[in-house]
Amino acid sequence: MSKATDYLQHVYSVIEKRDPNQPEFLEAIHDFFQTMTPVFEKHPEYIDENILERLTEPERVIQFRVPWLDDLGNSQVNRGFRVQFNSAIGPYKGGLRFHPSVNLSIVKFLGFEQIFKNALTGLPIGGGKGGSDFDPKGKSDNEIMRFCQSFMTELSKYIGLDTDVPAGDIGVGGREIGYLYGQYKRLRGSDRGVLTGKGLTYGGSLARTEATGFGLAYYTEEMLKANNSDFAGKKVVVSGAGNVAIYAIQKVTELGGKVITCSDSNGYIVDENGIDLDIVKQIKEVERGRISEYADRVSSGEYHEGSVWDAKLSYDIALPCATQNEISGEQAKLLVENGVKAVAEGANMPSDTEAIKEYQNAELLYGPAKAANAGGVAVSALEMSQNSMRLSWSFEEVDDRLKDIMKDIFAQSVKAADEYGVSGDYLSGANIAGFTKVADTMIIQGLV
Ligand code: NDP
Ligand code: 2IT
């Protein structure tokens, strides 16, 4: 065994021993380490610095009680988290997720991925993530507001526009950011830059709502172009029907692709005429309804219960935009049988370890989450810049910058993959480019 693989195995076993009950965190670490051997072979100085053990331990983990009153006057208690993972290149930056599944393992995997994603954007932001096991489904606006106010009452002690800047993720969109910011302002004053994803009337950036989905489409287009292909006439399967999925569908369609599915956690829609996005937006953004309702409104739309990744359909490109581990090894095999040539991840870690192996066996073009979905956090960082300057850029200006950032992320990944002898492996390329930037910065700053 080489010194590099020995070191990787050693650090993995340390982490596994420390946190044996954090499966998502261990999965993210495992998949990341799988791509790191060439880096440690070329740079033994990283081993001397014990950089991986330092990088995989969060700088700070905050866990807190979130008490709130429901509409019946009953007191409810949820658990809140903020993981401040790494501040080497800037303030902690990353979203808040409100979903019943949220626990420390999930917040840590998301925070770990966020470090490298944020480094790839080229903007000065460190990595963090937070959230709660609160379930926004079926709650009234007043319940959501009371929950957000209580959550922020505690979180406000730990964040700040130069220290830690949260934003949205699953279950946290414009409505929640509004309530969170309102409470922050009451407690600490109007530092607009303390949250991103704000509304346009109080410091939000144009194109932030669209950014993750648009960015995913721009990244995928770059990956296709580099392989003599494009979206024109391609059939595309998208999962999810939330913020990321909706704007991915919009941009992919504008770029000439035909998106034939979308989904939620109950089931999926197939519409071979191409998804009618106005209907999806009406159901999800306005009515906060279920995706099954699409089939009641569009005659070519069929609703099926279960996962879209179990569907036998013929298509060219897969864009998972729902949640972690939504594609298993078996489902990845089916995806290959379905004719898929490219997968790009809108969600964070949507493909499990076995699924990634299947993509590699089938030599699919594979754009990993931390590169492909970085558009959201990139525009969040542009929102922070605009807040600091106290001005707002036009939609076109932000969108142009987003396009350039996504192209640059793809180019960085290609370059790193070439440099480390794994050409065409965009997963390794993204991991290596993000890692070397953060690791070098940590070393310059000393053992802190
Ligand atoms: P939303 O809350 O807007 O939408 C989430 C969508 O995914 C919904 O359709 C939801 O269905 C589905 N979903 C959530 N959990 C599950 C589950 N356990 N099983 C099946 N489906 C599920 O979230 P976003 O669109 O913002 O986030 C989607 C993904 O993209 C997440 O992985 C997130 O981390 C990632 N991401 C988001 C960014 C952003 O800017 N918002 C930036 C980068 C990545 P249902 O309504 O049934 O729950
Ligand atoms: O996963 C992600 O990158 C996000 N949820 C967006 C984070 C942000 O700070 O905009």
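Everything here concerns the structure above.
Residues numbered from 1 in each chain as written. Chains lettered and ligands numbered in written order. Predicted model: local features only at pLDDT ≥ 70, side-chain atom pairs only at ≥ 80, totals over all residues. Heavy atoms only, no water.

**Overview of the overall build of the chain**
And step 1. Counting secondary structure elements, the chain contains 18 helices and 12 strands.
And step 2. Since a compact globule built from 448 residues should have a radius of gyration of about 22 Å, the 21 Å found for the chain is in line with a globular shape.
And step 3. Counting the 448 residues in the chain, one finds 58% classified as buried.
And step 4. In the chain, 72% of the contacts between residues at least 6 apart in sequence involve partners at least 24 apart.
And step 5. Counting only carbon and sulfur atoms, one obtains 47% of the accessible surface of the chain, whose full area is about 17,700 Å². (Helix = DSSP H or I, 4+ residues; strand = E, 2+ residues; numbered from the N terminus. Rg over C-alpha atoms; globule rule 2.2 N^0.38 Å. Buried < 20%, exposed > 50% of the residue type's maximum accessible area, 1.4 Å probe, protein only. Contact = heavy atoms within 4.5 Å. Areas by Shrake-Rupley, 256 points an atom, 1.4 Å probe, with all protein chains shown as cover.)

**Concerning the layout of surface pockets**
And step 1. Of the pockets and cavities examined, the second largest pocket occupies roughly 280 Å³.
And step 2. For the second largest pocket, the lining is made up of 14 residues, of which R192, Q386, N387, S388 and R390 are closest to its centre.
And step 3. In terms of residue class, the lining of the second largest pocket is built from three nonpolar, eight polar and three charged. (1 Å grid on protein atoms, 1.4 Å probe; cavity = no way out; pocket = protein on both sides within 12 Å on 5 of 7 lines; lining within 4 Å. Points joined across faces, edges and corners; volume = space filled by probe spheres on them. Nonpolar A, V, L, I, M, F, W, Y, C, P; charged D, E, K, R; others polar.)

**So, helix 16 (residues 375-389)**
And step 1. For helix 16, which comprises 15 residues, the first-to-last C-alpha distance of 21 Å matches the rise-based estimate of 21 Å (1.5 Å per residue) to within 8%.
And step 2. Of all 15 residues that make up helix 16, 12 are buried, and the element is covered over most of its length.
And step 3. Of the positions making up helix 16, those classed as buried are G375, G376, V377, A378, V379, S380, A381, L382, E383, M384, Q386 and N387.
And step 4. Those residues of helix 16 that are buried lie in contact with strand 3 (92-98), helix 6 (104-120), strand 5 (164-167), helix 9 (208-225) and helix 17 (395-419).
And step 5. Looking one or two residues past helix 16, R390 carries a phi angle of roughly 55 degrees, positive in sign. (Expected span 1.5 Å × (residues − 1).)

**Some thoughts on the sheet that holds strand 7 (residues 258-263)**
And step 1. Here we have seven strands laid out as an open sheet, ordered 9-8-7-6-10-11-12, and mixed in their pairing. This sheet does not close on itself; its edge strands, each paired only once, are strand 9 (301-305) and strand 12 (365-367). Ignoring which end each strand starts from, the neighbouring axes of this sheet average 15 degrees apart. (Pairing = 2+ DSSP bridges. Axes fitted to C-alpha atoms, helices over the stretch in contact; angles between N-to-C directions.)

**Considering the pattern of salt bridges**
And step 1. The tally for this structure, following the rule as stated, stands at 26 salt bridges.
And step 2. R297 is paired through a salt bridge with E287; the nearest N and O atoms lie 2.7 Å apart. Here the residue R297 occupies a position in helix 12 (residues 293-297), and E287 occupies one in the loop between helix 11 (277-286) and helix 12, the gap between them amounting to 10 residues.
And step 3. For the salt bridge of E330 with K333, the shortest nitrogen-to-oxygen distance reads 3.4 Å. Of this pair, E330 and K333 both sit in helix 13 (residues 329-337), three residues apart, roughly one helical turn.
And step 4. Take E330: its relative accessible area is 56%, and that puts it in the exposed class.
And step 5. If you follow the salt bridges from partner to partner, you end up with R18, E53 and E57 in one network. (Salt bridge = Lys/Arg side-chain N within 4 Å of Asp/Glu carboxyl O.)

**Section: helix 17**
And step 1. The first and last C-alpha atoms of helix 17 sit 36 Å apart over 25 residues, in line with the 36 Å expected at 1.5 Å per residue.
And step 2. Those residues of helix 17 lying buried are V398, D399, L402, I405, M406, I409, F410, S413, A416 and A417.
And step 3. Buried residues belonging to helix 17 abut helix 6, helix 9, helix 15 (369-372), helix 16 and helix 18 (426-444).
And step 4. Where helix 17 ends, the next residue or the one after it, G421, has phi of about 75 degrees, a positive value.

**So, the side chain of D352**
And step 1. Looking at where D352 falls in the secondary structure, it is placed in the loop between strand 11 (342-344) and helix 14 (353-361).
And step 2. No salt bridge is formed by the buried D352, whose closest oppositely charged neighbour, K357, lies at an N-O distance of 8.5 Å.
And step 3. Contact partners of D352, with chain neighbours within four places excluded, come to E27, N325, I327, S328 and G329. (Lys, Arg positive; Asp, Glu negative; His and termini not counted.)

**Details of empty space enclosed by the protein**
Any space left empty among the atoms is revealed by the rolling of a water-sized probe across them.
And step 1. In the structure shown here, the tally under the stated rule is two cavities of 30 Å³ or more.
And step 2. Each pocket or cavity is described by its volume, and for the largest cavity that value is around 140 Å³.
And step 3. As for the largest cavity, its lining consists of 14 residues, and the residues nearest its centre are E113, I356, Y366, K370 and L427.
And step 4. Looking at the lining of the largest cavity, the elements with two or more residues in it are helix 2 (23-33), helix 15 and helix 18.
And step 5. Element by element, the count of residues in the lining of the largest cavity is highest for helix 2, at three residues.
And step 6. Here the residues of the lining of the largest cavity are counted per class, giving eight nonpolar, two polar and four charged.
And step 7. As for the second largest cavity, its lining consists of I15, R18, D19, F25, T56, E57 and K108.
And step 8. Broken down by class, the residue content of the lining of the second largest cavity amounts to two nonpolar, one polar and four charged.

**Some details on the side chain of S150**
And step 1. Topologically, S150 is positioned in helix 7 (residues 141-155).
And step 2. For S150, the residues in contact, after removing those within four places along its chain, are V66 and P67.

**Side note on the state of the cysteines**
And step 1. Considering all chains together, one arrives at zero disulfides under this definition.
And step 2. Here C262 is not disulfide-linked; the sulfur of C321 is the nearest cysteine sulfur, at 11 Å.
And step 3. The exposure class of C321 is buried, given its relative accessible area of 8%. (Disulfide = S-S within 2.5 Å.)

**Here's the deal with the site of ligand 2**
And step 1. Near ligand 2 lie 14 residues; those nearest to it are K93, K117, K129, D169 and S380.
And step 2. Residue K93 places a side-chain N or O atom 2.7 Å away from an oxygen atom belonging to ligand 2.
And step 3. One of the side-chain nitrogen or oxygen atoms of D169 is found 2.9 Å away from a nitrogen atom of ligand 2.
And step 4. Out of a free accessible area of 300 Å², ligand 2 has 94% covered by protein chains.
And step 5. Where the shell around ligand 2 is concerned, the elements lending two or more residues are strand 3, helix 6 and helix 16.
And step 6. Considering only residue class, the shell around ligand 2 consists of two nonpolar, seven polar and five charged. (Near = heavy atom within 4 Å. Polar contact = N/O pair within 3.5 Å; in protein donor to acceptor, adjacent residues only side chain to side chain.)

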